[in-house]
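Structure assessment
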Amino acid sequence: MSEMDDLAAFAVLIEAGSFTLAAQRLGCSKGQLSKRISQLEAQFSVVLLQRTTRRLSLTAAGAALLPQAQALVAQAERARQALARLKDDMAGPVRMTVPVSLGETFFDGLLLEFSQKYPDVQIELELNNNFRDLARDSFDLAVRTDVANDERLVARPLLAWQEMTCASPAYLERYGEPATPQALAGHRCLLNSHYSGREEWLYHQRHELLRVKVSGPFASNHYNLLKKAALAGAGIARLPSYLLPTELADGRLRWLLRDFQTRRMPMYLVHPYQGGLPKRTQVLADYLVGWFKRSGEALDRL
């Protein structure tokens, strides 16, 4: 092994925090890794680590060397990515994680429209409402409502969706249409159990905040189940606008209380910072931006 390999092994060891994990990442034994660190210490005539049975700690020499070793690993990774991009074409996998209800909404488009245009791009779509570390979990793209100033990510605005109050014509024929948010207190409302304050719906009008206590026969943490319940006439729901263009356009759901504002949430397409995307990832990103644009334009026409 070269001195550069030993430096890289040192950086991996500190990141992993143990010889066991680092050896697994490097594909070698703990003994081999320990020998490489000893060789590095001998090469520089310093002690880099204080080793105990429970933890590793850096000496002053180790702390001074670590940034150089990490820079070497980062440079090697950039070189690997540059070579990968040279070989890249419109074939191969793109891994993406998105919220459950959103993924279900554009899933048909991914399977049909996008896949027909780019048949050699293999989409691996994870539906997950939990935060995923894109670099650690090897995801190429994600859709998020919060990027939290993460400098490791590049964020591209998609749209700002709003919660829309809606119900089916059958429900409104039976129970009547609420003219104000306060009237919701007398209606059967479909609640989102994901939120701790699900029994309080907020509205704004002319800078006034209205808080309405609601109740109803059904609650779920899944937007699409709430939409199905609304379509079946079970009650009034508050749903994200990206779920509703088709149902509102064909009249299966009606948008209620349009003069009262509800919360708006920005949505971003994000990817790990890497100085450029493979072409197959870029075309998928562009497709998603276009899908959201069409969705927003459809709502604007209502």
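What this report covers is the structure whose coordinates are included nearby. (Residues numbered from 1 in each chain as written. Predicted model: local features only at pLDDT ≥ 70, side-chain atom pairs only at ≥ 80, totals over all residues. Heavy atoms only, no water.)

Moving on: the packing of aromatic side chains. Counted under the stated rule, the structure contains six aromatic pairs. Judged by centre distance (5.8 Å) and plane angle (85°), the rings of tryptophan 161 and tyrosine 242 are edge-to-face. Of the two residues, tryptophan 161 sits in strand β6 (residues 153–167) while tyrosine 242 sits in the loop between β11 (236–240) and α8 (245–249), which places them 81 residues apart along the sequence. For the pair tryptophan 161 and tyrosine 242, a shared accessibility class is recorded, and that class is buried. One aromatic cluster in this structure is built from Phe114, Tyr118 and Tyr287. The ring centre of phenylalanine 139 lies 4.2 Å from the NZ or CZ of arginine 95, which sits over that ring. Over the aromatic face of tyrosine 203 sits the side chain of arginine 238, whose NZ or CZ is 4.8 Å from the ring centroid. (Phe/Tyr/Trp six-rings, centres within 6.5 Å; stacked < 30°, edge-to-face > 60°. Helix = DSSP H or I, 4+ residues; strand = E, 2+ residues; numbered from the N terminus. Buried < 20%, exposed > 50% of the residue type's maximum accessible area, 1.4 Å probe, protein only. Lys NZ or Arg CZ within 6 Å of the ring centre and 35° of its normal.)

Another point: the pairing of strand β8 (residues 200–205). Two strands pair when backbone bridges link them, and β8 and strand β9 (residues 208–213) are joined in this way by six bridges, in the antiparallel orientation. Among the inter-strand pairings, tyrosine 203 is bridged to a residue of β9, identified as leucine 210. Turn length for the β8-β9 hairpin, with the two strands adjacent in sequence and antiparallel, is two residues, and the turn residue arginine 206 shows positive phi of about 50°. (Pairing = 2+ DSSP bridges.)

What follows is about the nonpolar core. Grouped together as the largest cluster of nonpolar side chains are 37 residues, with contacts concentrated most on Met96, Leu102, Phe106, Leu244, Met267, Leu284 and Leu288. When residues of this core are assigned to their parent elements, the largest contribution, eight residues, is made by helix α9 (residues 279–300). Leaving out residues up to four positions away in the same chain, methionine 96 has contacts with Phe106, Leu110, Glu124, Leu125, Glu126, Phe139, Leu141, Ala142, Leu284 and Leu288. Counting 21 residues, the second-largest nonpolar core is a separate cluster that includes Cys28, Ile37, Leu40 and Leu65. (Core = buried A, V, L, I, M, F, W, Y, C linked by side-chain atoms within 4.5 Å. Contact = heavy atoms within 4.5 Å.)

Right, let's get into the environment of leucine 125. Here leucine 125 is to be found in strand β4 (residues 121–127). Classification of leucine 125 as partly exposed rests on a relative accessible area of 23%. Each C-alpha atom, one on leucine 125 and one on phenylalanine 139, is 9.6 Å from the other, the two residues being 14 residues apart in sequence.

By the secondary structure assignment, asparagine 192 is in strand β7 (residues 188–192). Within the local environment of asparagine 192, its side chain forms a polar contact with the backbone nitrogen of histidine 194, the two atoms lying 2.9 Å apart. The contact partners of asparagine 192, leaving out residues within four places of it in the chain, are Arg198, Ser220, Asn221, Tyr223 and Leu226. (Polar contact = N/O pair within 3.5 Å; in protein donor to acceptor, adjacent residues only side chain to side chain.)

Time to look at the packing of helix α1 (residues 3–16) against helix α3 (residues 30–44). Two elements in contact, α1 and α3, have axes separated by 9 Å at closest approach and are oriented at 115°. Note that α1 runs across α3; the crossing there is left-handed. Contacts between α1 and α3 pair Glu3, Asp5, Asp6, Leu7, Ala9, Phe10 and Leu13 from the former with Leu33, Arg36, Ile37, Gln39, Leu40, Gln43 and Phe44 from the latter. (Axes fitted to C-alpha atoms, helices over the stretch in contact; angles between N-to-C directions. Left-handed = near helix turned anticlockwise from the far one by under 90°.)

A separate point is unusual backbone geometry. For serine 45, which is not a glycine, the phi torsion comes out positive at approximately 55°. Turning to its location among the elements, serine 45 is positioned in the loop between α3 and β1 (49–51). The exposure class assigned to serine 45 is exposed, which follows from its relative accessible area of 65%.

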